[in-house]
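In case you want the letters, here they are:
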Amino acid sequence: MTPLKPILACDAGGTRIKLGVVRGARLLAQTEMDAESKKGLAAALKRIAREAPALCRKAGVTQKSLAGFGLSFPGVIEPHTGKILSTPAGKFDNAKHLDAPKLIAKLLGLPTRICNDANAALAGERHFGAARHCRSVVMMTLGTGIGASAIIDGVPLRGQHGQAGCLGGHLTANLDGKICACGNLGCAESEASTWALPLQARAHPDFKKSRLAREKVLDYAAVFHAAANADPLAIELRDHSLRVWSVALVNLIHAYDPEIAVIGGGIMRSGKIILPALRRYVAKNAWTPWGKVKVKPAKLGNHAGMLGVASLFLEEK
Ligand SMILES: [Zn+2]
């Protein structure tokens, strides 16, 4: 397959779907739509197929010239079949029972790659972003959940069922923690992620005294802002989250022996607070007798999923 042929690339989140035409590292055109995830993945794929002709025109390419369709999806994907083995709670519930590659072939007539969203993001960072020319990399994405992914000796880590490396957010970070949505105890994600944060804050005995109780959106931007203004609960939540992410990162480093760790995801809009804390903890606690793992912010931002899943076609020439 010629690497420079355009790819139709889709980043399906639980709330929004991003669709783009990508050639190499360039996003030629893009559009966004509501995920309407309760209507299921089949309905979303049909809407995507309807959008494709107009998007190709906008990108200045013909639909016939597309070399493939890449779908980044927030779930565990069986690598050899493209079968979706898990979906985010309450979103795209039917996807596990859908032969997505077959439906896409029928709708678009294109070769298809379906990829876990964290794996797609790391593929993009390695080809075009913060981890270019690196052979062994881990990535942690801090957002609604915590995503993880690893590339070892230049080979993306997948495992028998596509779980290897991408469950870094579900490594235990607190033995006294709560049961996570995945069923495990005290996962990094159930200790410190955007879905867990409001639950933890509201369950705290001091919540009503905190300025966080008056926030319309209780997210990490609100917590970092309130912590900077000396709100005791916000400081507690901030410091706990920074420790959890640090511990999770050291676990990934110990598991996969990377030369570099890339940190992405929406919470990294506050990277100025997060990165120094991660770097301090990794320098102090990661056992890397050869030297220090570099901890870098992701570069591709909102486009990581689309560029990443398109880059998979470059790997499989
Ligand atoms: Zn979990």
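Below: a short report on this structure. All residue numbers refer to position in the chain's written sequence, counted from 1. It should be noted that, the model being predicted, local features are given only for residues of pLDDT at least 70 and side-chain atom pairs only at 80 or more, the latter also being counted only at that level, while totals for whole chains, interfaces and linings use all residues. Calculated side-chain values reflect all of the structure's heavy atoms, with hydrogen atoms and water omitted.

Comments concerning the sheet that holds strand β7 (residues 146–152)
And then number 1: The rule for pairing is simple: two strands pair if DSSP sees at least two bridges between them. Here a strand is any run of E in DSSP of at least two residues, a helix any run of H or I of at least four, and the numbering for each starts at the N terminus. Strand order in this open sheet of 5 strands is β8-β7-β6-β9-β10, and the pairing throughout is mixed. Each of the sheet's edge strands pairs with one partner strand only, and the pair in question is β8 (155–156) and β10 (294–297).
And then number 2: Lying on the sheet, helix α3 (residues 117–128) is in contact with β6 (137–142), β7 and β9 (260–264); it crosses β7 at an angle near 50°. Here a residue-residue contact requires only that any non-hydrogen atoms of the pair lie within 4.5 Å. To obtain each axis, a line is fitted to C-alpha atoms, and for helices this fit is confined to the stretch in contact; angles are then taken between N-to-C directions over 0 to 180 degrees.

Description of the coordination of the zinc ion
And then number 1: Bound to the zinc ion on the protein side are His170 (ND1), Cys180 (SG), Cys182 (SG) and Cys187 (SG), at distances that span 2.0 to 2.4 Å.
And then number 2: Here the zinc ion binds 4 donor atoms, and the angle range of 104 to 117° at the metal identifies the geometry as tetrahedral.
And then number 3: Atoms of type N, O and S within 2.8 Å of a metal are treated as its donors, and for Na, K and Ca the window is 3.2 Å; water is not considered, so some sites may appear to be missing partners. Donor residues binding the zinc ion come from one chain and are separated in sequence as H-x9-C-x1-C-x4-C. Taken as a pair, histidine 170 in the loop between β8 and α4 (188–191) and cysteine 187 in the loop between β8 and α4 lie far apart in primary sequence, 17 residues in all.
And then number 4: Using a relative accessible area of 22% as the deciding quantity, one classes histidine 170 as partly exposed.
And then number 5: By relative accessible area, cysteine 187 is classed as buried at 0%. Donor angles set the geometry label: tetrahedral for four donors if every angle is between 85 and 135 degrees, square planar for four and octahedral for six if opposite donors exceed 155 degrees and the others are between 65 and 115, irregular for anything else. Residue exposure (1.4 Å probe, protein chains only): buried if accessible area is under 20% of the type maximum, exposed if over 50%, otherwise partly exposed.

Coordinates in, geometry out; function isn't part of it.
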